[in-house]
Amino acid sequence: MIRLAKSEKELKEVANKLRLDVIEMTSEAGSGHPGGSLSSADLMAVLYFRVMNHRPSDPSWDGRDRFILSKGHVAPILYASLAESGYFPVDELMTLRKINSRLQGHPVRGKVPGVEMSTGSLGQGLSMACGFALAAKMDGKKHRVYCLIGDGELQSGMNWEAAMFASQYKLNNLVAFVDRNRLQISGCTDDVMSIEPLERKWESFGWRVVTVDGHNIGQIINACNWAKRARTRPTVVIMNTIKGKGVSFMENNVAFHGKSCNQEEAVCAENELEEAMRFCR
Amino acid sequence: MSQMLAQRDYYGKALRALACREDIVVLDADLAGSTKTSEFQKVCPERFVEVGIAEQNMIGISSGLAAEGKTVFASTFGVFATGRCWEQIRLCAAYPKLNIKIVATHCGISVGEDGATHQALEDISLMRTLPNMTVISPADAYETYAATMAIAEYDGPVYMRMGRSPVPTVSKEGEKFTIGKAKVLLEGKDVSLFGTGQMVFNCIEAAEELRKEGISAEVINVSTIKPLDRETVLASVSGTGCAVTAEEHSIIGGLGSAVSELISEELPSPVQRIGTMDMFGESGSPAELFVKYGLTSSDIAEAARRAIKKKR
């Protein structure tokens, strides 16, 4: 378990520890989605170990910030973040996708402490997040709602229904992150179904938009701080990322969208990530 | 004496009465005037949420609200509520077992002139197949009111359906509604008529027609289709030996299927299903459509005669 609230350098190390967990758990499971998990690791480190108000020992604490993983297939990075921040034992990560495990292939509300909502069918998380954010407004509560969306997932129209709703209802307590790694199962998002121009799309839907390097801890933190200053509009942070980030042979390799490493690859990946962690120290 | 009252008007009245409950939130997709959620909006605009013509988003938003402790009523027409949003309901309401009440109006062929696109004839089937989902189809306006109050108390996802037009009352104002309980309205010995929604009234009329021929029909209002009241259904069929089901819905997947599944497993007996066949509806007046699609009380009586003949 890693303690919360870290320096930028420490957060980089945490992100790599989460990546290491992802490689280990998906390799042990023999399946899963490591590519998008690795691209989201820096954001998850920032959210769970620095930005979000939460109490791992009290998962239903009313004042907690809510996190909705719309791209539910990257459950491994969520489970790693929850385990490493203390929601459940880190050892349990090795039960991912196995029979009778709480750690289902996609997150399930009520099964795993810290999982706010069942997700996995793409395109629906932002609507759910709108509901959470609206409830907070209705009840005069101050917590924030964070939602991580995949870039390919934005091809689903329900996101844009939710985007309209969030600006209509002035959900300034809502922050969406787009993991813009530019790859989906069938290839490049541009080739499958382009979502460009992405910034202008969100802007035209009435959102505040900021684009960051999704692997730059400082930029992610700054974007989260900027989101907190929203007065009337929801905020979207578009994170330019690299699918499979942190493991040389997985980077920008669409094959690892939904495939785990074999034994040899896993050893190689773990060595690279351990080396990167030593570099952080 | 029965009166002609619209179920949706009583849904609106019930929501109005529920407005005093702070946890109730009502969602609309640009049909508040038609679904009568406008009644809630009038008295409680702060907990009325207009999502626009975006039903899938409405279900997603419902799940976030319900996760935060709200009791959510989300309403639109039956076709959109269940068909357009089926997978959203599966993920956002049924799987996490959240407190979302999807209440649909304009179900069945009695929508009439708007035609097939607006006639929900598959909604019960779609909702019944979802784990954790309770499916309710009240018989009249009074029962709709009571059922709305009951589902507001119940913790979990519910689908409730009703038609558009006024329907004859078969229950009394203030009668208690228990989720999962079917009601025997008329006792009989020769055949069980299981009706749901406004077809319960047609079953009562059919029983009257049969009585003139010396056939004693039992009429049961099955307003909760899931979970089905196994005890009442089996007790009735064990007494009469055969059954007719009647619903303003496809004969595939609705009440007819639910009752047939139970009877074939537990008490094999002849069952005749009244409902629309494997086909879409069309434009026309509700009365004309009821005749054309075989949903009248005479059709039910004829089905009863067939069922009785098939008894060993």
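Residues numbered from 1 in each chain as written. Chains lettered and ligands numbered in written order. Predicted model: local features only at pLDDT ≥ 70, side-chain atom pairs only at ≥ 80, totals over all residues. Heavy atoms only, no water.

Undergrad: Looking at this structure, how should I read unusual backbone geometry?
TA: Glycine aside, residues mostly have negative phi, and peptide bonds are mostly found in the trans state. Of note, the bond from A:E196 into A:P197 is cis; its omega dihedral lies within 30 degrees of zero at -5°. With respect to the secondary-structure elements, A:P197 resides in the loop between α7 (189-193) and α8 (198-204). Along the chain, B:K226 connects to B:P227 via a cis peptide bond; the corresponding omega equals -5°. Considering the arrangement of structural elements, one finds B:P227 in the loop between β12 (224-226) and α10 (230-240). Phi angles above zero are rare outside glycine, and A:K170 is one such case at about 50°. The topology assignment puts A:K170 in the loop between α6 (158-168) and β3 (174-180). (Helix = DSSP H or I, 4+ residues; strand = E, 2+ residues; numbered from the N terminus.)

Undergrad: Would you take a moment to explain the environment of B:A29 for this structure?
TA: Residues and elements named next belong to chain B. Following the sequence through the fold, A29 ends up in the loop between β2 (24-28) and α2 (32-35). Judged by its relative accessible area of 2%, A29 is buried. Along the chain, A29 and A120 lie 91 residues apart, while their C-alpha atoms are 17 Å from each other. Those residues in contact with A29 that sit more than four places away from it in its chain are E50, V51, G52, I53, A54, E55, M58 and S75. (Buried < 20%, exposed > 50% of the residue type's maximum accessible area, 1.4 Å probe, protein only. Contact = heavy atoms within 4.5 Å.)

Undergrad: I tried to follow the sheet that holds strand β10 (residues 191-195) of chain B on my own but got confused; where do I start?
TA: Each strand in a sheet pairs with another by means of backbone hydrogen bonds, the pair being arranged parallel or else antiparallel. Residues and elements named next belong to chain B. Judged by pairing direction, the sheet is mixed, and its five strands sit side by side in the order β9-β11-β10-β13-β14 without closing on themselves. Two strands lie at the open edges of the sheet, namely β9 (183-186) and β14 (271-276), each paired on one side alone. Strand-to-strand twist of the sheet, defined as the mean angle between neighbouring strand axes without regard to direction, takes the value 25°. Strand direction decides the pairing type here: β10 and strand β11 (residues 217-221), joined by five bridges, are parallel. Looking across to β11, one finds that G195 is bridged to N221. Of the strands in this sheet, β9, β10, β11 and β13 (243-250) are in contact with α10, which crosses β10 at around 150°. Across the sheet, helix α13 (residues 297-310) is in contact with β10, β13 and β14; its angle to β14 comes to roughly 155°. (Pairing = 2+ DSSP bridges. Axes fitted to C-alpha atoms, helices over the stretch in contact; angles between N-to-C directions.)

Undergrad: Honestly, helix α9 (residues 199-212) of chain B in this entry has me stumped. Any pointers?
TA: Residues spaced three or four apart along an α-helix face the same direction, because each turn holds 3.6 residues. Residues and elements named next belong to chain B. A rise of 1.5 Å per residue sets the reference length of α9, with its 14 residues, at 20 Å; its end C-alpha atoms lie 20 Å apart and thus fit the reference within 8%. Residues M199, V200, F201, N202, C203, A206, A207 and L210 constitute the buried set of α9. G214 sits one or two positions beyond α9 and adopts a positive phi of about 85°. (Expected span 1.5 Å × (residues − 1).)

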